[in-house]
Amino acid sequence: MISSIFSYSFMVRALIAGGLISLCSALLGVSLVLKRFSMIGDGLSHVAFGTMAIALAFNWAPLAVSIPVCVAAAFLLLRVSGSSGIKGDAAIALISSSALAIGILVTSLTSGLNTDVSAYMFGSILAISKTDTYISIILALIVCSLYAVFYKRIFLVTFDETFAKASGIKVEAFNGLIAVLTALTIVIGMRLMGAMMISSLLVFPALSAMRVFKSFWKVVICAAGLSLLCFFTGICASFFLSTPAGASIVVCNLTAFMLCALAGYIKR
C-alpha cells in the first residue's frame with residue numbers, strides 16, 4: 001500500500017526534500033538547457049562529491065564545506081567560460097574532473113571508500129536528514145519566488161542576453177544567482193540521487209517538456225510537473241522493489257522522455 005510509505009520517517013523526509021529538489025532542478029534546468037549550459041550540473045556534482053569526500057575524511061561537516069566550495073565553483077565556471085579562451089564544456093570538464101580526483105585521492109589515503117562516501121556517490125534514502133529537509137524547503141521557496149517575480153527577465157536572459165543587457169537587466173547577476181541556486185540544489189539533492197545521477201534532474205524534465213511544447217512558459221510548467229511525477233513514481237518503485245532510489249528516479253525520467261518524444265513526433 002502507498003500509505004505504508006508514510007509510516008517511515010526517513011521516507012517522509014525523502015519525499016519532502018526530494019520532491020522539492022526535483023521541482024527546483026526542473027525550473028533551473030529549463031534555463032540551463034536552453035542556454036546550453038546544462039552540463040554545469042554534472043560538473044558541480046563532481047565538485048560537491050570531492051568536497052564532501054574530503055570533509056568526511058577529516059570529520060568535518062559535509063554541508064558546511066561543500067556548499068561554499070560549490071558556490072565558488074559555480075562562479076568560477078561562469079567566469080572562466082565567459083572571459084577566457086576556455087569554452088564552457090571544457091571548463092566544466094577541467095574543474096569537475098580535478099575536484100573528483102582530489103576527493104578520491106584524499107579518501108583513499110585516509111578513511112577509504114566507506115559507507116558514507118558510497119552514499120554520496122550513488123545516493124541513499126537514509127542519508128536525508130531534517131536539516132536537508134529544511135534547507136530544501138527554503139531553497140524551493142527562493143526558486144519559485146524567483147520565477148514568479150522575475151519571470152520576464154529570466155525569459156530575456158535565457159534567450160537573448162544582448163537584448164537583456166540593452167534593456168537594463170543585470171545579466172551577470174541573474175546568471176550568478178541561477179548558478180548559486182543550481183549549486184545548492186546539487187549539494188542537497190546529491191544525498192538522495194548520488195553524484196553520478198543528480199544532474200539528470202536538471203536535464204531530463206526540460207528535454208522531455210521541449211519535445212511536446214515550444215512555449216517557454218508551457219515548457220517550465222510541464223518540466224516541473226514531469227519532474228515531480230517521475231520523482232514520486234521512482235521513489236515508490238524504489239521502496240516497494242528495493243531498488244536504488246537514484247537509479248529508479250532516473251529510469252522514470254528516461255521513460256517520460258521517450259514518451260514525450262513519441263508524443264512530440266505524433267503531434268508533428
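So, here is what we can say about the structure in this document. It should be emphasised that the depicted structure is a prediction, and the values quoted were computed from it without experimental measurement.

Moving on: the overall build of the protein chain. In terms of regular secondary structure, the protein chain is built from 12 helices and 0 strands. Against the 2.2 N^0.38 benchmark of 18 Å for 268 residues, the protein chain shows a C-alpha radius of gyration of 18 Å, consistent with a compact globule. Taken over the C-alpha atoms alone, the protein chain extends approximately 50 × 50 × 30 Å along its principal axes. Split into buried and exposed, the 268 residues of the protein chain put 51% on the buried side. Working note: accessible area of the protein chain is about 12700 Å², and carbon and sulfur atoms make up 71% of it. The averaged location of the 7 negative side-chain charges in the protein chain is 10 Å from the averaged location of its 16 positive side-chain charges.

Turning our attention to the packing of aromatic side chains. This structure, assessed with the given rule, holds 12 aromatic pairs. Where Phe58 meets Trp60, the ring centres are 5.0 Å apart and the plane angle is 20°; that geometry is what we call stacked. The exposure class assigned to Phe58 is partly exposed, which follows from its relative accessible area of 41%. When the centroid spacing of 5.7 Å and the interplanar angle of 35° are considered together, the rings of Tyr151 and Phe216 count as tilted. On the criterion of sequence distance, the pair formed by Tyr151 in helix H7 (residues 151-159) and Phe216 in helix H11 (residues 216-241) is long-range, its members being 65 residues apart. Using a relative accessible area of 6% as the deciding quantity, one classes Phe216 as buried. An aromatic cluster is present here, built from Tyr151, Phe155, Phe159, Phe216 and Trp217 joined pairwise through their rings.

Counted under the stated rule, the structure contains 3 salt bridges. In this structure, Arg191 engages Asp132 in a salt bridge whose closest nitrogen and oxygen atoms are separated by 3.1 Å. Here Asp132 lies in helix H6 (residues 130-149) and Arg191 lies in helix H9 (residues 171-193), a separation of 59 residues in the sequence. Grouping residues by exposure puts Arg191 and Asp132 together as buried.

In the structure shown here, the tally under the stated rule is 1 cavity of 30 Å³ or more. In this model, the largest cavity occupies a volume close to 60 Å³. Of all the secondary-structure elements, those providing two or more residues to the lining of the largest cavity are helix H1 (9-34) and H9. Class assignment of the residues belonging to the lining of the largest cavity gives a composition of 8 nonpolar, 3 polar and no charged.

Reading guide: rules and limits
Residues numbered from 1 in each chain as written. Predicted model: local features only at pLDDT ≥ 70, side-chain atom pairs only at ≥ 80, totals over all residues. Heavy atoms only, no water. Helix = DSSP H or I, 4+ residues; strand = E, 2+ residues; numbered from the N terminus. Rg over C-alpha atoms; globule rule 2.2 N^0.38 Å. Buried < 20%, exposed > 50% of the residue type's maximum accessible area, 1.4 Å probe, protein only. Areas by Shrake-Rupley, 256 points an atom, 1.4 Å probe, with all protein chains shown as cover. Lys, Arg positive; Asp, Glu negative; His and termini not counted. Charge placed at Lys NZ, Arg CZ, Asp CG, Glu CD. Phe/Tyr/Trp six-rings, centres within 6.5 Å; stacked < 30°, edge-to-face > 60°. Salt bridge = Lys/Arg side-chain N within 4 Å of Asp/Glu carboxyl O. 1 Å grid on protein atoms, 1.4 Å probe; cavity = no way out; pocket = protein on both sides within 12 Å on 5 of 7 lines; lining within 4 Å. Points joined across faces, edges and corners; volume = space filled by probe spheres on them. Nonpolar A, V, L, I, M, F, W, Y, C, P; charged D, E, K, R; others polar.

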